[in-house]
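Per-entry structural report
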Amino acid sequence: MPPAVRKAALTLHIISSVGWLGAVAAFLVLAVTGLAATDPQLVRAVYVGMNLIGWAVIFPLSLASLVSGIIQGLGTVWGLLRHYWVLIKLIITAVATALLLVHLQPVTAMAEMSLAADLAPSDMTGMRVQLVFDACAAILALLVTSVLSVYKPRGLTRHGQKVLDKQAQIRPPKGANA
């Protein structure tokens, strides 16, 4: 991948990943507010806002992060399946994106319920707690992927070791006359 394209893809990946984390943090603040609030208008605004942020911001950013990460993996020396840290990031991002689609269903349901009638503080408590828990889990997963990106722990997958072995067979040893 040419350096300019690689840098553009990396920039997109960083922006979408950081944006995803920030949007989930905002979502968590709204989820906690929705759990603790007693004012029906505030509760309505919170769940409608969560639904909007979920579908219009978090989901597109999760897809952008996943796609740009795959492009980075395929277009750089790190590869997509060569290093455990890249593979773990890919799995976490793919699972988080899939779970996000599942998680957004109750968010939409809460938004619709709050628009249909005022929710009392004791209404839908289980779902309200679940929304807080899910947002916390998402933040943890996104923080793990961020840490993996910075620290890049060593370790090749079997595929990565095979690629390395093939490269060693093709290249003559240093100092050998050809």
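Procedures and definitions
- Residues numbered from 1 in each chain as written.
- Predicted model: local features only at pLDDT ≥ 70, side-chain atom pairs only at ≥ 80, totals over all residues.
- Heavy atoms only, no water.
- Helix = DSSP H or I, 4+ residues; strand = E, 2+ residues; numbered from the N terminus.
- Buried < 20%, exposed > 50% of the residue type's maximum accessible area, 1.4 Å probe, protein only.
- Contact = heavy atoms within 4.5 Å.
- Areas by Shrake-Rupley, 256 points an atom, 1.4 Å probe, with all protein chains shown as cover.
- Lys, Arg positive; Asp, Glu negative; His and termini not counted.
- Charge placed at Lys NZ, Arg CZ, Asp CG, Glu CD.

Within the protein chain, the secondary structure is distributed over five helices and zero strands. Along its sequence from the N terminus, the protein chain presents helices and strands in the succession α-α-α-α-α. Overall, the protein chain is about 80 × 30 × 20 Å in size when its C-alpha atoms are taken along their principal axes. Counting every position in the protein chain, which comprises 178 residues, the buried fraction comes to 30%. Pairs at least 24 residues apart make up 75% of the contacts formed inside the protein chain by residues separated by at least 6 positions. Carbon and sulfur atoms form 72% of the exposed surface of the protein chain, whose accessible area is close to 10500 Å². Averaging the locations of the 13 positively and 6 negatively charged side chains of the protein chain gives two centres separated by 31 Å.

This part covers unusual backbone geometry. Notably, M124 is not glycine yet its phi reads approximately 55 degrees, a positive angle. Its place among the elements puts M124 in the loop between helix 3 (84-116) and helix 4 (125-151). Among the residues examined, M124 registers a relative accessible area of 32% and is labelled partly exposed. A positive phi is found at K152, a non-glycine position, where the angle reads about 40 degrees. Along the chain, the position of K152 falls in the loop between helix 4 and helix 5 (158-170).

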